[in-house]
Amino acid sequence: MELHATELLMDRRPMDRRLLSGLAAVAVGVLALAWIGIALTRETDRVASIWFANGFLVAILLQVSSRRWPALLLAGLVGNVGANLLTGDPAGLALTLSLCNSLEVMLSVWLVRRLVEEPIDLADGRHLAVFLGLGVAVPVLIVSVTASAVLMVMLGEDFLASFRVWLPGDLLGLLVVVPLGLMRGGSTRWYAQLLDWRLLLPRLALLIVVSFAVFYQTRYPLLFVVQIPLLILVYSHGKLGAAIGIFFVAVISVAMTTAGYGPMALVPTESGYERILFVQCFLLFGVGVTYFTGVLLEERTKLVATLRQSQMQFRAIADNVPAMVGHVDANEVYRFANSHYQTMLGLKPESLVGRSMREVCGETVYAVLRPHIQAALAGNAVQFERHAAESERGLHLMLSFIPDLDDDGLGRGFYIFVLDITARKQYELQLMASEARLRAIADNMPALITQISREGSVTFCNATYDSWLGLDRHAVISRPFDQALPAAWVEPQKAAVMQALDGRRVEVTFEYPHGNGLRSFRSTLVPQPDITGRTQSVYVLTSDVTQLKQVQKQLMLLAQFDSLTGLANRREFEERLDQALARARRTRLHVALLFIDIDRFKWINDTLGHGAGDEVLQELALRMRNAVRETDLVGRFAGDEFVILVEGIRSDAEPQFLARKLLVAAGRPFLLDDGSEIEVGISIGIAMNWSHEATPKDLMKAADSALYDAKRSGRGTFSLSRPVS
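These numbers were taken from a predicted model, which means no experiment stands behind them. (Residues numbered from 1 in each chain as written. Predicted model: local features only at pLDDT ≥ 70, side-chain atom pairs only at ≥ 80, totals over all residues. Heavy atoms only, no water.)

Enquirer: Give a detailed account of the overall build of the chain, specifying residues and quantitative values.
Expert: Counting secondary structure elements, the chain contains 25 helices and 17 strands. Taking all 725 residues of the chain together, the buried fraction comes to 47%. Looking at the chain alone, contacts between residues at least 24 apart form 58% of all its contacts between residues at least 6 apart. In the structure as shown, the chain presents an accessible area of about 37100 Å², 58% of it carried by carbon and sulfur atoms. (Helix = DSSP H or I, 4+ residues; strand = E, 2+ residues; numbered from the N terminus. Buried < 20%, exposed > 50% of the residue type's maximum accessible area, 1.4 Å probe, protein only. Contact = heavy atoms within 4.5 Å. Areas by Shrake-Rupley, 256 points an atom, 1.4 Å probe, with all protein chains shown as cover.)

Written out as structure tokens, the structure reads:
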């Protein structure tokens, strides 16, 4: 009935007929057990000698959600009130005593659940201590005082007489019933845990017969005889047998004692209270001894099963480890060997057990192993490699002898662990050959190769260090890189090394004095992460890029400047013009653009030749550079077309002044290489960005238009175009 009700109440679905039937079952169970407790009470009149109902309800509440407690407590209260009314108690007294029982139940489960949230396991020392202290002793003591006071006030009962019967009666009820109620596995009912009813029923029948025999006779104090069948029941069924046995012993002993039978009749007293007290003490002692004996037996059974399971697991693990695993005692005799002895050496494991290592290995191999065996027996772990030439495949083995020490640190043998490392050895030889090839390649590369550890030490460098930096690479290894290498080499790369150690790929270009001058170097730093992604080292590949830098510089000059005059070419000039207009928008100043064209330059080329024309272009470029400010830009677009960019203009007078200077400079005779002199004239078109919204295209178009105006005006003059917007 109890566990069926519990399973119904543990269902978390909304209240329905299933839940109501569970509550009804709880109420009926409490009523039945309460009635039994009252019915067993004759001598004590009002106080039951043993009260099962509270234990029944506590066991249920400890297994359900606290949301179900109010409904269950109400069901228990109904059952208690019903039992009291059936035995003739007035309604007021029945309700009051029932409320005392409900208080005891509520205090017990609330105090236990405050400290133990998971399912209660009384085999757990902490759970048991919480249950006995807070779940039994404290609530029973509080309610015993309360109930005894109620009986004294309402019925005039003696307070101490009621207290000394109520207290052990409720203690027994909780100690007998709660363990029985908690013995359930998941949703399996408690009786399903019994291994065999055919074993339980005869033993339980024996206990009942012996209990009746002991408590029926009144001549001999034979209480100890009950313990014999009780312990037999405990031995066969553990804690469950203890709980069931104590329950039947309690019912029989209390019933027979209250009827005037049993060894308690030998107690020299006329007080029923005192006889009942002796029965309660006997039962409390029996609960303690029997239940804890059951716990110990169950734990022993579990330990034996665990040991057997551990042995099976060890054998399964050892047989599946890709190595020979064995154990040898202090006399060098095999006590265990796994299946790999047969796989690797062709020796059956069962044939090794009981034989000495000398016998198994043979004198030659034993002589090699003997120093390691003695070291292991002395308590020292040993690991070594040997080539097993005696094996069919010529195996290379790694052997570990691990001491097996007792609690006093004395050797009682050792474990053997043997790995076949033949494949690893072959791989190591291949790896050594590969490393030699890589070293040869690295040492002959025209670059410095360096590996720097996370701690900043040099762990690798190639032979190029000798020729480039004049350093012995062997003296550099294992030293901090900022100490092993010259300061002028380290400083430009130090920050890059730190960034690479943070996991970033970095490139840095720097100059270093080498030979008779400075040479340019470029280092690429590549982080090397470990399997967790954390940088463990940095590879540094350093190349001499001096010639590359020189070629790049020449290409840049060709890309930006006119090869004949050294002036900015069209591409460079247009980029600078765009930047100048952007600056002008910020400063609110103006920009002037001057287009310059040599008058009758075609005649010079046709008459004097292209060489003379080139001389005129070069000389005119020089004169224009001398006529402008350092901040002004002079460029040549093509042929005899020149341009000048002037920034920071506040009025159109400034570019006109510059135009006059240019006309004067160009008006001086040009002396050619052949000694002849010629007169050259120029025309100039000027444009200004009067509006800061003007684009480079607008400005160049305006300057070109002004240039044509100057040419139409007779050449040898300038023209200002305005405005440009």
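Enquirer: Give me the lowdown on the sheet that holds strand E9 (residues 517–529), citing residues and values where you can.
Expert: One open sheet holds the five strands; their spatial order is E7-E6-E10-E9-E8, and the pairing between them is antiparallel. The two strands at the open ends of the sheet, each matched to only one other strand, are strand E7 (458–461) and strand E8 (506–514). Shown here is a sheet whose adjacent strand axes are inclined to one another by a mean of 25°, direction ignored. Here E8 runs beside E9; their pairing, made up of nine bridges, is antiparallel. Across the sheet, the residue bridging to His514 is Gly517, located in E9. (Pairing = 2+ DSSP bridges. Axes fitted to C-alpha atoms, helices over the stretch in contact; angles between N-to-C directions.)

Enquirer: With reference to specific residues and values, describe a nonpolar patch on the surface.
Expert: Side chains of Met152, Val153, Met154 and Leu155 sit close together on the surface and give an oily, nonpolar patch of about 370 Å² of accessible area. Of note, Leu155 is situated in helix H6 (residues 125–155). By relative accessible area, Leu155 is classed as partly exposed at 37%. (Patch = residues over 30% accessible without salt bridge, like charges linked within 9 Å, V, L, I, M, F, W, Y side chains within 5 Å. Salt bridge = Lys/Arg side-chain N within 4 Å of Asp/Glu carboxyl O.)

Enquirer: Give me the lowdown on unusual backbone geometry, citing residues and values where you can.
Expert: At Ser478, a position not held by glycine, the phi torsion is positive, near 75°. Within the element layout of this structure, Ser478 appears in the loop between helix H17 (473–476) and helix H18 (481–484). Looking at Ser478, the relative accessible area reads 57%, which means it is exposed. Residues other than glycine seldom take positive phi values, yet Arg588 does so here, at roughly 65°. Looking at the secondary structure, you find Arg588 in the loop between helix H21 (570–587) and strand E11 (590–598).

Enquirer: So what's going on with the pattern of salt bridges? Which residues, and what values?
Expert: Taken as a whole and assessed by the stated rule, the structure comprises 19 salt bridges. For Arg355, the salt bridge goes to Glu359, with nearest N and O atoms at 3.3 Å. Residue class for Arg355 comes out partly exposed when judged on its relative accessible area of 26%. Classification of Glu359 by relative accessible area gives partly exposed; the value is 48%. Its salt-bridge partner being Arg576, residue Glu572 comes within 3.6 Å of it at the nearest N-O pair. Pair noted here: Glu572 and Arg576 are both in helix H21, with a separation of four residues, about one helical turn. When its relative accessible area of 30% is taken as the criterion, Arg576 is described as partly exposed. In the salt-bridge network here, residues are joined through shared partners; they are Asp597, Asp599, Lys711 and Arg715.

Enquirer: Residue-level account of the sheet that holds strand E4 (residues 395–405), with values.
Expert: The five strands lie next to each other as E2-E1-E5-E4-E3, forming an open sheet whose pairing is antiparallel. The two strands at the open ends of the sheet, each matched to only one other strand, are strand E2 (334–337) and strand E3 (382–388). Averaged over all pairs of adjacent strands, the angle between strand axes in this sheet comes to 20°, irrespective of strand direction. Relative to strand E5 (residues 411–420), strand E1 (residues 324–329) runs antiparallel, the two sharing six bridges. Paired with Gly326 across the two strands is Ile416, which belongs to E5. Against the sheet, helix H14 (residues 363–377) contacts E1, E3, E4 and E5, and its axis sits at roughly 170° relative to E3. Contacts from helix H15 (residues 422–443) reach E3, E4 and E5, with the element oriented near 125° to E4.

Enquirer: Talk me through helix H2 (residues 17–39); I want residue IDs and the actual numbers.
Expert: Look at H2: 32 Å from first C-alpha to last across 23 residues, which is about the 33 Å you get at 1.5 Å a residue. Listed as buried for H2 are Leu19, Gly22, Leu23, Ala25, Val26, Ala27, Gly29, Val30, Leu33, Ala34, Gly37 and Ile38. (Expected span 1.5 Å × (residues − 1).)

Enquirer: Describe the nonpolar core, listing the residues and the values that go with them.
Expert: One recurring pattern in soluble globular proteins is that nonpolar side chains are buried together. In this structure, Val26, Leu61, Phe282 and Leu283 are the most contacted members of the largest nonpolar core, which totals 65 residues. Here this core gets twelve residues from one element, more than from any other, and that element is helix H9 (residues 223–258). Apart from residues lying up to four places away in sequence, Phe282 is in contact with Phe215, Leu223, Val226, Val249 and Met264. In this structure, Ile604, Ala612, Phe642 and Ala659 belong to the second largest nonpolar core, which totals 33 residues. (Core = buried A, V, L, I, M, F, W, Y, C linked by side-chain atoms within 4.5 Å.)

Any functional reading would require information that these geometric values do not contain.
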